[in-house]
Amino acid sequence: MSGTISALGLPQSANGRDLPPWLVTFYRAYITRDHDLLETILDDNVEWILTGPAEQFDLYGSRRGKEAAVELVTRIMPCFFRITDFEFEHLLVRGEHVAAYGLVRARQRDTGRSLCFRGAHFMRFRNGKLLVFRSIADTFDVAQQVVGRPIDVTKPIEHVPLVPEEDALLSF
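Below is a summary of the structure that appears in this document. Just so it is clear, the model here is predicted, and its values are computed rather than measured. (Residues numbered from 1 in each chain as written. Predicted model: local features only at pLDDT ≥ 70, side-chain atom pairs only at ≥ 80, totals over all residues. Heavy atoms only, no water.)

1. Remarks on the overall build of the protein
Formally: Per the convention used, a helix needs a DSSP run of H or I reaching at least four residues, while a strand needs a run of E reaching at least two, with both numbered from the N terminus. Only heavy atoms matter for contacts: two residues are in contact if any of them lie within 4.5 Å across the pair. Each accessible area is a Shrake-Rupley estimate made with a 1.4 Å probe; only the visible protein chains count as cover when residues are assessed.
The helix and strand tally for the protein stands at four helices and nine strands. Shown N-terminal to C-terminal, the secondary structure of the protein runs as helices and strands in the order β-β-β-α-α-β-β-α-β-β-β-β-α. Contacts spanning at least 24 positions in sequence make up 54% of the contacts within the protein whose residues lie at least 6 apart. Here the protein has roughly 9100 Å² of accessible surface; of this, 51% comes from carbon and sulfur atoms.

So this is what it looks like as structure tokens:
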């Protein structure tokens, strides 16, 4: 399956086949950062892992539980960037297991610069709720785009701290 999902609209089908409604709901909630929709689609004990340099960027790493996953998507990720769409190159759905690979497009918060990188999502749903989410992205490419220059791998990278709790930055 190929196609693009964005905050503007999600396909209900691909290659003549209907997509499971829970998958459409998940991506709608994820891309739009819809708190209430995330609360609806996530299992209470969801396991959420974004593979990447957690030492440098607070958004990477492991989280457990609905509250932590919702906070990540609605508050922490927007401190760095806002995902605008995910262009599927491959999408496999087998029962309640999903593997997606494609191009992630985002906009960097501080600069407004467009970011574009490859990523994969591996998900497991149970009874229409997201139970496991694993994301793998070309994080070195993302890091270079975020800092706006090639990274010298011979030097340590500074930690990019999370925006303070009181920051009302979520709309951009």
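2. Quick look at the environment of Gln56
The condition that has to hold: When accessible area is computed with a 1.4 Å probe and restricted to protein chains, residues below 20% of their type maximum are described as buried, those above 50% as exposed, and intermediate ones as partly exposed.
By secondary structure assignment, the location of Gln56 is in the loop between strand E4 (42-51) and strand E5 (61-64). On the basis of relative accessibility, which here comes to 13%, the residue Gln56 falls in the buried class.

3. Side note on the nonpolar core
Heads up, the condition is: Residues belong to a common nonpolar core when they are buried Ala, Val, Leu, Ile, Met, Phe, Trp, Tyr or Cys residues joined through side-chain atoms within 4.5 Å.
Counting residues in each nonpolar core, the largest one holds 44 residues, and the members touching the most others are Phe26, Tyr30, Trp48 and Leu59. When residues no more than four places from it in sequence are discounted, the contact partners of Leu59 are Leu50, Leu72, Ile76, Met77, Phe80 and Phe81.

4. Some words on helix H3 (residues 66-80)
Condition: By definition here, a helix of n residues has an expected span of 1.5 Å times n minus one. Given a residue, its bend is the angle between the two axes fitted to the seven residues that end at it and to the seven that start from it.
With 15 residues, H3 extends 21 Å from end C-alpha to end C-alpha; this agrees with the ideal 21 Å at 1.5 Å per step. The largest bend in H3 amounts to roughly 40° and is located at Leu72. For H3, the buried fraction is high: 12 of the 15 residues fall into the buried class. Listing the buried residues of H3 in full gives Lys66, Ala69, Val70, Leu72, Val73, Thr74, Arg75, Ile76, Met77, Pro78, Cys79 and Phe80. Where H3 is buried, its residues touch helix H1 (21-32), helix H2 (35-41), E4, E5, strand E6 (81-94) and strand E7 (97-108).

5. Points about helix H4 (residues 139-147)
Every α-helix carries 3.6 residues per turn, so stepping three or four residues along brings you back to the same face. For the record, the criterion: Throughout, the arc means that of the directions going from the helix axis to the C-beta atoms.
Every buried residue of H4 is listed here: Thr139, Val142, Ala143, Gln145 and Val146. Along the axis of H4, the buried positions cluster into a sector of 165°, meaning they face one direction only. Looking one or two residues beyond H4, the residue adopting positive phi is Gly148, at roughly 80°.

6. Considering unusual backbone geometry
Note on backbone geometry: most residues besides glycine have negative phi, and most peptide bonds are trans. Phi angles above zero are rare outside glycine, and Arg33 is one such case at about 55°. Relative to the elements of secondary structure, Arg33 occurs in the loop between H1 and H2. Backbone geometry at Asn127 places phi at a positive 55°, although glycine is not the residue there. Mapped onto the fold, Asn127 is located in the loop between strand E8 (114-126) and strand E9 (129-137). Overall, the relative accessible area of 69% leaves Asn127 in the exposed class.

7. Let's talk about the pairing of E9
The condition is simple: Here, any two strands with at least 2 DSSP bridges between them count as paired.
Pairing between E4 and E9: six bridges, direction parallel. In the strand pairing of E9, Trp48 is matched with Phe133. Bridge analysis of E8 against E9 gives eight bridges, and the strand direction is antiparallel. Following the sheet pairing, Ala120 is matched in E9 by Ile136. The loop that links E8 with its antiparallel partner E9 comprises two residues; one of these, Asn127, has a positive phi angle of about 55°.

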